[in-house]
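Chain by chain, the residues run as shown.
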Amino acid sequence: MRAVQYFAVAILAALAVSLPAAANDTTDRLGVSGPIVFDGVDYVLAWSSNPSPGYFKQEYVPEGQTVESYGSMVLIEVAAGVDVKAALAAQVDMLNQRRGSDPLVNMDVIQNDQTGEAILDFIVSQKDAQGEYIAEWNAYRYAPHSSGGTEGVLLFAVSHRAYGNDNVRTFLGNLKSARPDQINKIAQHELPAANLPR
């Protein structure tokens with residue numbers, strides 16, 4: 001159950017929150033060193049973490065970007081002992097809790113009953129120290145995952161951000177046309193062959 005809690009707090013950790021001192025940790029814990037090519041862009045491993053037993057996170061950004069301040073990012077997470085339904089429900093619950101403090105929160109869920117997968121597409125935002133908005137749109141693809149006889153869930157995701165009120169307005173306007181294309185690409189992308197460390 002702890003892995004589900006970490007999946008839920010991943011939203012908060014992802015949006016404009018300072019990473020811990022190990023932010024430069026680029027250890028490939030899942031056997032996916034990259035680069036990952038998504039939508040014609042190469043994403044290189046920029047950060048990894050093992051927040052709890054059986055739960056691993058890796059973040060990839062284009063050359064020249066950082067996990068603290070990026071325009072686009074690809075994420076891979078693997079959690080043992082949790083299923084797609086529970087991981088998705090935890091993230092949806094966290095988004096619902098944000099509604100009172102985040103005026104841009106919005107989400108949609110697409111479920112594939114044949115594969116057992118689900119895609120959560122959502123927007124979150126917050127203000128920076130200068131009172132300017134940071135907006136983030138994400139497409140999180142959850143898939144059943146098995147590694148070394150351990151069942152769990154794999155998250156394969158893309159995240160896009162904009163910084164500053166003017167850029168956020170443009171970002172949200174462009175999202176209307178970009179969103180369906182990005183969702184389609186994350187849905188059709190071959191899932192990374194991630195494996196839990198032994």
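Source: prediction; values computed, not measured. (Residues numbered from 1 in each chain as written. Predicted model: local features only at pLDDT ≥ 70, side-chain atom pairs only at ≥ 80, totals over all residues. Heavy atoms only, no water.)

Focus on the nonpolar core
Here comes step 1: In this structure, Tyr-60, Ile-76 and Trp-137 are the most contacted members of the largest nonpolar core, which totals 27 residues.
Here comes step 2: Looking at this core, the elements that each hand over two or more residues are β1 (36–38), β2 (41–52), β3 (55–61), β4 (72–80), β6 (117–127), β7 (133–147), β8 (150–163) and α3 (165–188).
Here comes step 3: Looking at which element gives the most residues to this core, the answer is α3, with five residues.
Here comes step 4: Apart from the residues within four sequence positions on either side, Tyr-60 is in contact with Val-32, Ser-33, Gly-34, Ile-36, Tyr-43, Val-44, Leu-45, Ala-46, Met-73, Val-74 and Ile-76.
Here comes step 5: Counting residues in each nonpolar core, the second largest holds 26 residues, with Tyr-55, Met-73, Tyr-142 and Ala-157 among its members. (Core = buried A, V, L, I, M, F, W, Y, C linked by side-chain atoms within 4.5 Å. Buried < 20%, exposed > 50% of the residue type's maximum accessible area, 1.4 Å probe, protein only. Helix = DSSP H or I, 4+ residues; strand = E, 2+ residues; numbered from the N terminus. Contact = heavy atoms within 4.5 Å.)

Some words on the pattern of salt bridges
Here comes step 1: Per the counting criterion, the structure on display carries ten salt bridges.
Here comes step 2: The partner of Asp-39 in a salt bridge is Lys-185, and the shortest N-O contact between them spans 2.5 Å. One end of the pair, Asp-39, is in the loop between β1 and β2; the other, Lys-185, is in helix α3, and 146 residues separate them in sequence.
Here comes step 3: Here the residues in one salt-bridge network are Asp-39, Asp-181 and Lys-185, joined through shared partners. (Salt bridge = Lys/Arg side-chain N within 4 Å of Asp/Glu carboxyl O.)

Focus on unusual backbone geometry
Here comes step 1: Omega for the bond connecting Gly-34 with Pro-35 falls within 30 degrees of zero, at 5 degrees, which places this linkage in the cis form.
Here comes step 2: The residue Pro-35 is located in the loop between α1 (2–14) and β1 in this model.

Scope: geometric values only; no functional claims are made or implied.
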